[in-house]
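Architecture and fold: a report
This is what each chain is made of:
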Amino acid sequence: MNFIVIDTEGSDTLREIAIINQDGKLIYEAFVRTRGSTTKRLNHKPLTEIVRDLQNILPNQTIICHNVQHDRTILDKSFYKCRQQLPQAQFICTLELAQQKYPNFDSYQLGNLSRRLFLQVDNLYFRRVQAHRARYDAQFTLQLYLYLTSHSRIEDKPAMTVEKIVTTPSVKNPFSSSRVDDPYQNHLDFEHIYGSQFYHLKSLVEEIKQDKENQQSRGALILGEAGSGKTHLMMRLAKATLTTNRLLYVRQPNNANSVMHHIYSRILESFAQKVDIEGTQRTQLDLLLAHVFVNILKTIQQEDKTQKLEQIIQLLQDDSLILYERLGGENTQRNRDNWKYIETKITQWWENNYSASGYAPNILKGIIKYCSYKDIKTKDKVRRWLTGNELDSQICEEIGLNNWQEENLSKEDFALEGIRLFGQLSTLDEPLIIIFDQLEYLIHKPEILTSFGNALREIITHVPNSLIVVNLFPDRWQSFQGYFDDSTIDRLSINQLILQTPSTGELKRMLAMKCERVGTTLEELFKPEDLQIILKQSSIRKVINKASDYYHYRILNLPLPEELPYKNNASVEEKLMSLENALKQIAHICQSLLTNHNETQLNIEINNNINNNHQLYKDKKKEIIFDFETKKINTINTNSDEIIVDINIPLKEKIILNYLEENERLITENYHDPYVITDDDEYGKLVTIMEGFKSYDSTIELDHLALGKRVIPENLLITRNNIKLAVAFLNIGGSAFTSRVKNFNQLVISNRNIKFYLLRDEKEGYITGKVGLEEIDKLNYTENGSFLMIDKETRVIFELVYKMIVDINQNDLEVSMNDAIKVVLNRYANYWLIKEIFATNHN
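Owing to the predicted nature of the structure, the values given are computational and were not obtained by experimental measurement.

The secondary structure content of the protein amounts to 32 helices and 25 strands. Within the protein, the proportion of its 843 residues that are buried is 53%. Sequence separation of 24 or more characterises 69% of the internal contacts of the protein that already satisfy a separation of 6 or more. By element, 46% of the accessible surface of the protein is carried by carbon and sulfur atoms, the whole surface being about 41,100 Å².

Have a look at this one:
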């Protein structure tokens, strides 16, 4: 079918139009010249002349547009204005095609579809700065049409066999959600489990509070296997303390050079968490500042006995959050004056008790600014400033804070001072609770673990008035001690709480509580023999997961899944020896089963037939078959039943796909939650992802690039066969962005055999400075460089793959890394990173 693609721009009648053919060749372009216009431009024509041109092009054509209703209306009105009639033509709408093919997409705008489907024109992805130029949009509309009317590479792959529940049971699955990802979630709490450990933690917080003279921090170590409920216990602690204490949650660091800054960034995210107090929601940082200010006023009252101050203190005594309601409307003079008074009093207190030097006074001003704003977007800009990143000067002017000078900033020192500042502020409030979780895999990252041990020592030593909680597997604690100094080990070990598998009675009560929540009972769902198997599992998570399996089996009539294989870390030689021993045992069993004494001599022949994917062992009456596809040894006997020995039963794709679907949904839902983006963290996440890919494909090599002593963006060089790809991150702003992107461009020009991507998250804002934009254009117009904004869809998949690899490493997702990566490469074959590295070769 022959067709043309048209894009029009204009609010009522034409402002500009572009027409390309099915090969992407521009066949017509024009811009409307209005009366009085002095602009000189190629193809600048009066509307009447453009309409006359279109009368020769459009008749009887098949026309492709994105949002036909818009383009056809513009054309109709333009022709009508010139007293002409739009020629007869057939229109096809790519917007409607996309809605039919992808009914669950959030947006069907051309730019969003082009980025989500990874469409390219001239090897470049869609750029918002060039959108709404008719020729540019027409080129991407063509690519979108070709994509929608043909099969993408991922769709050409064999369909994955995934069993999905299509029935709607009368009883909702009580066991569908068993994992607590962070303490701020709201899952059903099992208060009868680990009660003594919970009260021990609460008593430690109270002891820190009572120690007003020393204000010394304390440590606590929570030891439990994967799925034992460590994070669940932290959730219970959060529920009990969030209205009084500030609870801060830190997941594993991923970059040895910025561990302290990673901790500080996660603490800032935690402070942005909202707390519900009598129907009103304020962030943890708002609560901290309000309580601090009230207590500072009390110290001032010792010298200032005025009635006005006494009235203010009395008003705020019972409810310090009234402070935010009594300061006047935002952007009013009264509001500005009140916040200036608050800033003056708090900074005076700080300087009198601590010091006016260092980073802390400026961080303190940033905290006060953060709390002074109600608008979430403005708060987020201040929170980005609080990380120490240099921002666009326009943003700094908007939030009323001076920009950091990044080249003079030691990020690790800055971060420690920021964390210590929060501890010092908390001495006028309640003790901080700082929780470190998901640390197990650091044992395989000795450089990061060493840096983490040093950071933990500094925090325990220098951050006052805090309970430091570390969650770990028991065997990891033994290994971690080699990376911690004696003082850290002593401070943590003094309060060592072990989470043993609960008793059968406690587990049964836990399951019953889940059933009660959906209006059913264990007896209605399961048979006694089902419960016996369910309650034999080795952890809380496994008990709940097994109950979910039996729910599907009893209520939905789905087959029970095969047992998951345990992770076998034995060497190849050890595995071969085990296989040899297993075969000897089978041969011995077969001999004992022979009924004919004249045939007791068992001769086993080994036929190693790799091409047929099986090994065959024969005797006169028996065949012992090891099938590499089913991973089973089958002993077939004409006089006895089949004997099956399972060896390393493979996981089905549905387990991984269900994980990906559930977590992709959760990450998408939480996309707008408080999140601190730093280049060090982005780089660390990419390294983690690529190490997962490397475990699947050993031909991948990882390195980084440098440009002498010049400062360039954090980058990772990825090599696979003939592919060389360098991925870098640049989320800062201001002069630091400009200088680094200039250096990056020099790096790109100097390495023409490498393809470069420079990434920036759209949450960090688009670059507006003239020089910065010019450097971005230079990068995009090189043959081997691209500037890519990370939008929502790109971010979700990046975080999803990172989370999956971390969960596998932490044993929170009990699947093979190879199996998981294989599914990811198929499911997200069009994701830009996978597409660049693996092209079409990852079957």
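A word on the pattern of salt bridges. In the structure shown here, the tally under the stated rule is 36 salt bridges. With its nearest N and O atoms 2.5 Å apart, the salt bridge here joins glutamate 207 to arginine 218. Within this pair, whereas glutamate 207 is found in helix H7 (residues 195–210), its partner arginine 218 is found in strand E9 (residues 218–223), the two being separated by eleven residues in sequence. Note on glutamate 207: relative accessible area 35%, which makes it partly exposed. For aspartate 380, the salt bridge is made with arginine 383, and the minimal N-O distance between the two is 2.2 Å.

This structure, assessed with the given rule, holds 28 aromatic pairs. With a centroid separation of 6.1 Å and 55° between ring planes, the pair formed by tryptophan 477 and phenylalanine 484 is classed as tilted. Across the pair, exposure class does not vary: tryptophan 477 and phenylalanine 484 are buried alike. In textbook terms, an aromatic cluster arises when at least three aromatic residues are bridged by ring pairs, as seen for Tyr264, Phe271, Tyr359, Trp385, Trp404, Phe414 and Phe422. When the ring centre of phenylalanine 198 is taken as reference, the NZ or CZ atom of arginine 236 above it lies at 5.6 Å.

A word on the packing of helix H26 (residues 653–669) against helix H31 (residues 817–827). Between H26 and H31, the least distance of the axes is 10 Å, while the angle of their chain directions is 60°. By the angle between their axes, H26 is oblique relative to H31. Crossing handedness for the pair H26 and H31: right-handed. Where H26 abuts H31, its residues Glu653, Ile656, Leu657, Leu660, Glu661 and Glu664 lie against Asp819, Ala820, Val823, Val824 and Arg827. The residue makeup of the contact of H26 with H31, split by class, is six nonpolar, no polar and five charged.

Turning our eyes to something else, we now look at the pairing of strand E5 (residues 62–65). Both faces of E5 are covered, namely the face carrying Thr62 and Ile64 and the face carrying Ile63 and Cys65. Of the pairings in the sheet, the one linking strand E1 (residues 4–9) to E5 comprises two bridges and is parallel in character. The residue bridging isoleucine 4 from the neighbouring strand is isoleucine 63, located in E5. Two strands pair when backbone bridges link them, and E5 and strand E6 (residues 90–93) are joined in this way by four bridges, in the parallel orientation.

Residues other than glycine seldom take positive phi values, yet asparagine 60 does so here, at roughly 60°. Relative to the helices and strands, asparagine 60 resides in the loop between helix H1 (47–57) and E5. The phi torsion at arginine 83 lies on the positive side, around 60°, for a residue other than glycine.

Attention now goes to the sheet that holds strand E3 (residues 26–32). Reading across the sheet, the six strands line up as E4-E3-E2-E1-E5-E6 and stay open at both edges, with mixed pairing between neighbours. What marks the edges here is a single partner per strand, and that holds for strand E4 (44–45) and E6. Lying on the sheet, H1 is in contact with E1, strand E2 (16–21), E3 and E4; it crosses E3 at an angle near 160°. With respect to the sheet, helix H2 (residues 68–81) is in contact with E1, E2, E5 and E6, its orientation differing from that of E1 by roughly 70°.

The next subject is the packing of helix H18 (residues 446–462) against helix H20 (residues 486–493). Where H18 contacts H20, the two axes come as close as 9 Å, and the packing angle between them is 65°. Here H18 lies roughly perpendicular to H20, going by the angle between them. For H18 against H20, the interelement crossing comes out left-handed. Residues Leu456, Arg457 and Ile460 of H18 form the contact with H20, whose own contacting residues are Ser487, Thr488, Arg491 and Leu492. When its residues are assigned to classes, the contact of H18 with H20 shows three nonpolar, two polar and two charged.

For the rest of this paragraph, the subject is the nonpolar core. By size, the foremost hydrophobic cluster in this structure holds 128 residues, and its most contacted members are Leu201 and Phe436. Ranked by residue count, the leading element in this core is helix H10 (residues 284–301), at ten residues. Other than its neighbours up to four places away in sequence, phenylalanine 436 contacts Val250, Ile263, Phe452, Leu456, Ile459, Ile468, Val469, Val470 and Asn471. Counting residues in each nonpolar core, the second largest holds 48 residues, with Tyr125, Leu825, Trp832 and Leu833 among its members.

Here we come to the sheet that holds strand E21 (residues 701–703). Reading across the sheet, the five strands line up as E21-E22-E23-E24-E25 and stay open at both edges, with mixed pairing between neighbours. Two strands close off the open sheet at either side, each with one partner strand: E21 and strand E25 (785–790). Each strand axis lies, on average, 20° off the axis of its neighbour in the sheet, ignoring direction. Strand direction decides the pairing type here: strand E23 (residues 723–729) and strand E24 (residues 755–761), joined by five bridges, are parallel.

Criteria and thresholds
Residues numbered from 1 in each chain as written. Predicted model: local features only at pLDDT ≥ 70, side-chain atom pairs only at ≥ 80, totals over all residues. Heavy atoms only, no water. Helix = DSSP H or I, 4+ residues; strand = E, 2+ residues; numbered from the N terminus. Buried < 20%, exposed > 50% of the residue type's maximum accessible area, 1.4 Å probe, protein only. Contact = heavy atoms within 4.5 Å. Areas by Shrake-Rupley, 256 points an atom, 1.4 Å probe, with all protein chains shown as cover. Salt bridge = Lys/Arg side-chain N within 4 Å of Asp/Glu carboxyl O. Phe/Tyr/Trp six-rings, centres within 6.5 Å; stacked < 30°, edge-to-face > 60°. Lys NZ or Arg CZ within 6 Å of the ring centre and 35° of its normal. Axes fitted to C-alpha atoms, helices over the stretch in contact; angles between N-to-C directions. Parallel < 35°, antiparallel > 145°, perpendicular 65-115°, else oblique. Left-handed = near helix turned anticlockwise from the far one by under 90°. Nonpolar A, V, L, I, M, F, W, Y, C, P; charged D, E, K, R; others polar. Pairing = 2+ DSSP bridges. Core = buried A, V, L, I, M, F, W, Y, C linked by side-chain atoms within 4.5 Å.

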